[in-house]
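Survey of secondary and tertiary structure
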Amino acid sequence: MQDSRKGKRVLIYSHDSFGLGHLRRCREIAHTLAEAQRSLSVLILSGSPIIGSFDFRSRVDFVRVPGVIKLRNGDYTSLALHIDVEQTMAMRASIIEHTAEAFDPDLFIVDKEPLGLRGEVEGTLAMLRERGTPCVLGLRDVMDEPGLLAPEWERKQVVPALQRYFDDIWVYGLPQICDPLEGIDLPDSVRKKMTYTGYLRRRLPKVHSHLVLEKIEDPFLLVTVGGGGDGEAIIDWVLSAYESDPQLPHPALLVLGPFMNGEAQSSFQARAAQLNNVETVTFETHLESLMDRAIGVVCMGGYNTFCEVLSFDKRALVIPRTKPRMEQHIRASRAQDLGLVRMLRDDGARNPHLMATALRNLPQQRQPSEVVVPGLLDGPENVVRLAEYWLEHGASKLSVAEAPSKGRL
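These numbers were taken from a predicted model, which means no experiment stands behind them.

Cut-offs applied
- Residues numbered from 1 in each chain as written.
- Predicted model: local features only at pLDDT ≥ 70, side-chain atom pairs only at ≥ 80, totals over all residues.
- Heavy atoms only, no water.
- Buried < 20%, exposed > 50% of the residue type's maximum accessible area, 1.4 Å probe, protein only.
- Helix = DSSP H or I, 4+ residues; strand = E, 2+ residues; numbered from the N terminus.
- Pairing = 2+ DSSP bridges.
- Right-handed = clockwise from strand over helix to strand, strands pointing away.
- Polar contact = N/O pair within 3.5 Å; in protein donor to acceptor, adjacent residues only side chain to side chain.
- Phe/Tyr/Trp six-rings, centres within 6.5 Å; stacked < 30°, edge-to-face > 60°.
- Lys NZ or Arg CZ within 6 Å of the ring centre and 35° of its normal.
- Axes fitted to C-alpha atoms, helices over the stretch in contact; angles between N-to-C directions.
- Parallel < 35°, antiparallel > 145°, perpendicular 65-115°, else oblique.
- Left-handed = near helix turned anticlockwise from the far one by under 90°.
- Contact = heavy atoms within 4.5 Å.
- Nonpolar A, V, L, I, M, F, W, Y, C, P; charged D, E, K, R; others polar.
- Salt bridge = Lys/Arg side-chain N within 4 Å of Asp/Glu carboxyl O.
- Expected span 1.5 Å × (residues − 1).
- Arc of directions from axis to C-beta.

For the rest of this paragraph, the subject is the pairing of strand β7 (residues 135-140). Counting buried residues along β7, six of its six residues qualify, which places the element largely inside the surrounding structure. The pairing of strand β6 (residues 107-111) with β7 spans four bridges and is classified as parallel. When the bridges of β7 are listed, Val110 appears paired with Leu137. Handedness of the crossover joining β6 and β7 through helix α3 (residues 122-131) is recorded here as right-handed. Two elements, β7 and strand β8 (residues 168-172), share five bridges in a ladder whose sense is parallel. Of the residues in β8, the one forming a bridge with Leu137 is Ile169.

If you want it as structure tokens, here you go:
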């Protein structure tokens, strides 16, 4: 019965099955909302195969749907099950809709993909709209270069879906960095739904990392490539710098990532074993603890790592990927223009002496806090404020005049 419920409920959908970015952002938002409202329960829908490796705070839980993985040709295949991908997608859509029906959320937040992977969330959106549940689309600061995103959204018929299903659009960033929907012909009714929240500030976890370093000591340079599935080039480049210049002043801790190819991991671990000032770990769920200890960070510039660099005020050398999306390059170049980070482009040659020089100079860079960007890390407070509005008002009788003013944040 509706009147017997204890507190409000938020359902968050994260489409990705590979990588860590979307899952980590959704988990951070879930924890922020649950901490702000002591009676709130948050459930995350995710296809991540390693979601169970993370700890979740009280009143935050997850449902894992069968995983899929995107192939180089753009098609999808089942991640673990030996069944046709269409069957997998049908199972995912069914689990998502039935979970939403049973959980009966007071707010539904969809991360990045408005209709979900291959449209798997549209049925759930339609069902929740019928129930009067407010639906929100959450976007990271940068999606992709406009020339690629616009035709993709046209093909997926995203703009009509934004008009039909969503009450609000939250951009977890600032326009000084990027307008994620630049180049897309949006009607005013959709553009007015957009709110820039600022970046999602991170804090040290209550449960700190128990990682004991065997060879190196603080202060060290932290080298992180997210999930690691596309981070081999950076790890190789950093290792070659230490191999060519044993006198580099600060040791390095390399976090390889759980999705890195096993052979590549073994090769990097063997090379690091020959160096007195380099240590490797495969995976660390409490990366914030390591970042807090680091004197500088070498990274690819994914959304979550960028938030952590800003939150812990770390000097960062960002080496962004440019395929399959330009997202990291756009973020890094805009952040460099503002003076928040330094960017190093991967030219394919990966000269070890160039990297060694960059690593020597990294601790002398200015910190992000030396740059004044109003609202830079206001994301948590603004997300809580926005969520509280929709939890209180609902969506069934919402009119344009009742919608929260975009100028209030």
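Glancing now at the sheet that holds strand β11 (residues 252-255). With respect to topology, six strands assemble into an open sheet ordered β12-β11-β10-β13-β14-β15, the strand pairing being parallel. The strands lining the two open edges of the sheet, one partner per strand, are β12 (278-281) and β15 (342-343). As defined by bridge partners, strand β10 (residues 221-224) adjoins strand β13 (residues 296-299) across four bridges and the pair is classed as parallel. Residue pairing across strands places Thr224 opposite Cys299, the latter belonging to β13.

This part takes up the side chain of Asn382. Note that Asn382 resides in helix α13 (residues 379-393). From its side chain, Asn382 meets the backbone oxygen of Thr197 in a polar contact 2.9 Å long.

Before going further, it helps to spend a moment on the packing of aromatic side chains. For the structure shown, the criterion picks out five aromatic pairs. With 5.9 Å between their ring centres and 80° between their planes, Phe54 and Phe283 make a pair best called edge-to-face. Linking Phe54 in the loop between β2 (41-46) and β3 (60-64) with Phe283 in the loop between β12 and α9 (287-293), this pair joins segments that are 229 residues apart in sequence. Here Arg9 stacks its cationic end above the ring of Phe103, 5.6 Å away from the centre of that ring. Here the guanidinium or amino end of Arg25 rests over the ring plane of Tyr303, the centre of that ring lying 5.3 Å away.

Where helix α1 (residues 21-36) meets α13, the closest approach of the two axes is 10 Å, and the angle between their N-to-C directions is 65°. As far as their axial angle goes, α13 and α1 are roughly perpendicular. Between α1 and α13 the crossing geometry is right-handed. Between α1 and α13, the residues in contact are Ile29, Thr32, Leu33 and Ala36 and Pro380, Val383, Val384 and Ala387, respectively. For the contact of α1 with α13, a count of residues per class yields seven nonpolar, one polar and no charged.

The next point concerns the pattern of salt bridges. As enumerated under the stated definition, the model contains 27 salt bridges in all. Residue Glu120 is joined to Arg92 by a salt bridge in which the shortest nitrogen-to-oxygen separation is 2.8 Å. Note that Glu120 is positioned in the loop between β6 and α3 and Arg92 in helix α2 (residues 85-103), a separation of 28 residues in sequence. Bridged by salt links that share partners, the residues Lys112, Glu113, Asp144, Glu152, Lys156 and Arg325 form one connected network.

Residues spaced three or four apart along an α-helix face the same direction, because each turn holds 3.6 residues. Here helix α11 (residues 327-338) is twelve residues long and its end C-alpha atoms lie 17 Å apart, about the 16 Å a rise of 1.5 Å per residue gives. Listing the buried residues of α11 in full gives Glu327, Gln328, His329, Ile330, Arg331, Ala332, Ser333 and Ala335. Contacts made by the buried residues of α11 are with β7, α10 (303-311), β14 (316-318) and β15. Trailing α11 by a residue or two, Gly339 shows a phi angle of about 85°, which is positive.

Alternating positions in β10 separate into two faces, Leu221 and Val223 on one and Leu222 and Thr224 on the other, with burial throughout. Pairing analysis gives four bridges linking β10 to β11, with the strands arranged parallel. Residue pairing across strands places Leu222 opposite Leu253, the latter belonging to β11. Since β10 and β11 lie parallel, the crossover through helix α7 (residues 232-244) that links them has a hand, and here it is right-handed.

Take the side chain of Asp168 next. Positionally, Asp168 belongs in strand β8. Assessed through its relative accessible area of 1%, Asp168 is described here as buried.

In this section: helix α5 (residues 158-165). Inspection of α5 places Val158, Val159, Ala161, Leu162 and Tyr165 among the buried residues, and these make up the whole buried set. Along the axis of α5, the buried residues cluster in a sector spanning 160°; they form a single face. Elements in contact with the buried residues of α5: α3, β7, α4 (146-156), β8 and α6 (188-191).

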